[in-house]
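Observations on chain architecture
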Amino acid sequence: MGTAAAYFRDFVVLNLLRAILLRLATMSVTLIGAAVVVFFVIRVVPGNPIAMMLPPGASEDDIARLTALYGLDKSIFEQFVIWLGGVFQGDFGTSISLRQPVMPLVLGRLPATLELAIFALVIAVVIGGALALAGVRYRATRAETAIDVTNGIGLSIPDFLWALILIVLFGVLMPVFHISGRISPSLDLPFVTQFYVFESILRLRFDLWWDLLKHMFMPALALAIPLAAIISQLLKQSLKETMHLDYVTLSRTKGYGENHVIVSEALPNAVLPTLTLIGVQFTFLIGGTVIIERLFSYEGLGNMAIDAVINRDLPLIQGIVIVFALLFTVINLIVDMTYALLNPRLRHA
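The following refers to the structure shown. The structure displayed is predicted, hence computed values, not measured ones. (Residues numbered from 1 in each chain as written. Predicted model: local features only at pLDDT ≥ 70, side-chain atom pairs only at ≥ 80, totals over all residues. Heavy atoms only, no water.)

1. Considering the layout of surface pockets
Put simply, the test is: Buriedness for pockets is judged along seven lines, at least five of which must meet protein on both sides within 12 Å for an open set on the 1 Å grid over protein atoms alone, while cavities are sets there where a 1.4 Å probe fits but cannot get out, and lining residues have an atom within 4 Å of a point. Grid points are joined across faces, edges and corners, and a volume is the space filled by probe spheres set on the points. Numbering goes from the N terminus for both helices and strands, where a helix is a DSSP run of H or I of at least four residues and a strand is a run of E of at least two. Residues are grouped as follows: nonpolar covers Ala, Val, Leu, Ile, Met, Phe, Trp, Tyr, Cys and Pro; charged covers Asp, Glu, Lys and Arg; every other residue, Gly included, is treated as polar.
Within this model, the largest pocket holds a volume of roughly 350 Å³. Mapped onto the lining of the largest pocket, the elements with two or more residues apiece are helix 1 (2–44), helix 3 (60–69), helix 4 (76–88) and helix 14 (314–342). Of the residues forming the lining of the largest pocket, the biggest block, 4 residues, is contributed by helix 4. Taken together, the residues of the lining of the largest pocket break down into 10 nonpolar, 6 polar and 2 charged. In this structure, the second largest pocket encloses a volume near 270 Å³. Lining the second largest pocket we find 14 residues, and of these Leu31, Ile32, Val87, Phe92 and Ile322 sit closest to its centre. Of all the elements in the fold, those that place two or more residues in the lining of the second largest pocket are helix 1, helix 4, helix 5 (102–137) and helix 14. Residues that form the lining of the second largest pocket fall into these classes: 13 nonpolar, 1 polar and no charged.

Next comes the structure, spelled out in C-alpha cells:
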C-alpha cells in the first residue's frame, strides 16, 4: 500500500515538473517572439530618434556621429544581433533620451507600477467579492438587480474614463485625494528600495504610508472598477450554481443560517474559477497602468513607456516591452501552477 502511494506521489511530482518545464520553454519562445516583434516594428515607424535629441541647428556630422554611437548606422538585422547578444549578457543598451543604462531605469520604475497594480487588485477583489456575496444573499430581489446594473456600468466604462471622472469628482470638486505624483515632495524619503508602500510599513512610517495611499487610491480605483465588475459577475454566477448542490442543501437542513451557508459552504467551492480569472486579469491590470499613470502623472513604468514612445527611445522601449512580457509570462505560469495545485482533478491527471 505504501509503495503504491509513493509511486502515485512520484507520478504527480513528475507530471508537475514536466508541466513547469514545458511552460518555461513556452515562456522562452514568447519572450524571443516579443523581442523580435518590438525590435523590428519600432524601427519601421517614421522618425529619427537621433535627430529628435539634437537641437535644430545640429550638423550632419553630429547626427552621423551619434547615429554610429548608438549603432543605428548598421542594418536592422545587425542591430538585432548586437542587441540580442547584449540582452543575454544582461545589457539592454543605453537610453537615447535619458542617456542611462536601460535596465536600471526600468527596474527603478517597475516597483511603483507593481504596487499600483497590487493595490488595484485588492480593491477589485474587495468590491467584486462583496457585490457577489450580496447578490447571492439577496438573490431574486431588487438588490440583485441593482448589483447587476452596477456591474454593467462598471464594465461599460473603460478605466481611463473612470480616471477622468474620479479626477473631476475627488480632485477638483471635492479635493480629497491627490491627483498627481506618487508621494508629496515635502516629505522626508528614507527609502532604500523603490517599493515605497511596503518599506514605509516595515519602517513604521505610517505618515508616508498614508500619503502614498492617498496618491495611489484614485488611479488604483480607476483600474479596479472594471475588474471588480468582472469578478462580481463570475463569482455571483458560480455561487448561484453552487447553492443548488446537495452538500449546501444538507447544510441548510442542519439549521445553519443563510450567511453561514454562503460563506462557509458555497464560497470555498465556487471561488476557484474566480481565482483563475483574477490571476489572468492581473496581467491586463499591469498593462492598463500605462494610460492611468499618464493621467495621474504617476511615476511608474507605464508613464516611462509613453515618454519613451514620444521620444522614439528605441532601447528604452525594447527594455520596457521585454519586462512587461516577462511579467505576463511569469504571472500566467504562477496562475496555471496554482490552479493545478488547488484543483485535485488537474493535480491527479
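Still more ground to cover, so stick around.
2. What about the pattern of salt bridges?
Keep this limit in mind: Salt bridges are defined by distance alone: a side-chain nitrogen of Lys or Arg within 4 Å of a carboxyl oxygen of Asp or Glu. For the exposure calls, accessible area comes from a 1.4 Å probe over protein chains only, and a residue counts as buried if that area is under 20% of its type's maximum, exposed if over 50%, partly exposed in between.
For the structure on display, the rule yields 7 salt bridges. Linking Glu115 and Arg182 is a salt bridge whose minimum nitrogen-to-oxygen distance equals 2.9 Å. Within this pair, whereas Glu115 is found in helix 5, its partner Arg182 is found in the loop between helix 7 (159–173) and helix 8 (196–202), the two being separated by 67 residues in sequence. By relative accessible area, Arg182 is classed as buried at 4%. For Asp307, the salt bridge identified is with Arg294, shortest N-O distance 2.6 Å. In this pair, Asp307 is assigned in helix 13 (residues 301–310) and Arg294 in helix 12 (residues 272–295), connecting sequence segments 13 residues apart.

3. Observations concerning the side chain of Ser238
Its place among the elements puts Ser238 in helix 9 (residues 206–242). By relative accessible area, which is 10% here, Ser238 ends up buried.

4. Concerning the packing of helix 5 against helix 6 (residues 142–156)
Basically, it comes down to this: Every angle, taken between N-to-C directions, lies between 0 and 180 degrees, and every axis is a line fitted to C-alpha atoms, over only the stretch in contact when it is a helix. We call two directions roughly parallel when the angle between them is under 35 degrees, roughly antiparallel when it is over 145, roughly perpendicular when it lies between 65 and 115, and oblique otherwise. Crossings are classed by handedness, with left-handed meaning an anticlockwise turn of the near helix from the far one by less than a right angle and right-handed meaning a clockwise turn. Contacts between residues were defined by any pair of non-hydrogen atoms, one from each residue, lying within 4.5 Å.
It is the contact of helix 5 with helix 6, at a shortest axis distance of 8 Å, that shows an interaxial angle of 150°. Between helix 5 and helix 6, the crossing angle belongs to the class labelled roughly antiparallel. In this structure, helix 5 meets helix 6 at a crossing whose hand is left-handed. Every residue of helix 6 that contacts helix 5 at Leu131, Ala134 and Gly135 is listed here: Glu144, Ile147 and Asn151.

5. Some points on unusual backbone geometry
In the Ramachandran plot, Ser297 falls in the positive-phi region, its phi being about 50° despite a non-glycine side chain. Relative to the helices and strands, Ser297 resides in the loop between helix 12 and helix 13. On the basis of relative accessible area, Ser297 is assigned to the partly exposed category, the value being 39%. Unusually for a residue other than glycine, Arg312 sits at a positive phi of about 55°. Tracing the sequence through the fold places Arg312 in the loop between helix 13 and helix 14.

6. Examining the side chain of Asp211
Going by this rule: Only four residue types enter the tally: Lys and Arg on the positive side, Asp and Glu on the negative side; His and the chain ends are excluded. Between N or O atoms, a polar contact is any pair within 3.5 Å; within protein, one atom must be a potential hydrogen donor and the other a potential acceptor, and residues adjacent in sequence are included only when both atoms are from side chains.
Tracing the backbone through its elements, the reader meets Asp211 in helix 9. Buried charge Asp211 goes without a salt bridge, the closest partner of opposite sign being Lys214 at 5.5 Å. A distance of 2.8 Å separates polar atoms of two side chains, one belonging to Asp211 and the other to Ser184. The residues contacting Asp211, other than those within four sequence positions of it, are His178, Ile183, Ser184 and Leu187.

7. Points about the packing of helix 10 (residues 246–253) against helix 11 (residues 258–270)
It is the contact of helix 10 with helix 11, at a shortest axis distance of 10 Å, that shows an interaxial angle of 155°. It follows that helix 10 is roughly antiparallel to helix 11 by the angle criterion. Two packed elements cross with a definite hand, and for helix 10 against helix 11 that hand is right-handed. Judged by residue contacts, Tyr247, Val248, Ser251 and Arg252 of helix 10 engage Glu258, His260, Val261, Glu265, Ala266 and Asn269 from helix 11. Split by residue class, the contact of helix 10 with helix 11 holds 4 nonpolar, 3 polar and 3 charged.

8. Remarks on the nonpolar core
Stated formally: Throughout, nonpolar core names a set of buried Ala, Val, Leu, Ile, Met, Phe, Trp, Tyr and Cys residues whose side chains join them through atoms within 4.5 Å.
Ranked by size, the top nonpolar core spans 66 residues in total, and within it Trp83, Val106, Ile286, Leu301, Leu316 and Ile320 carry the most contacts. The contacts of Ile286, once residues within four sequence positions are left out, are Thr113, Leu114, Ala117, Phe324, Leu327, Phe328 and Ile331. Core analysis: the next-biggest nonpolar cluster, separate from the first, contains 10 residues, Val248, Val261, Ile262 and Ala270 among them.

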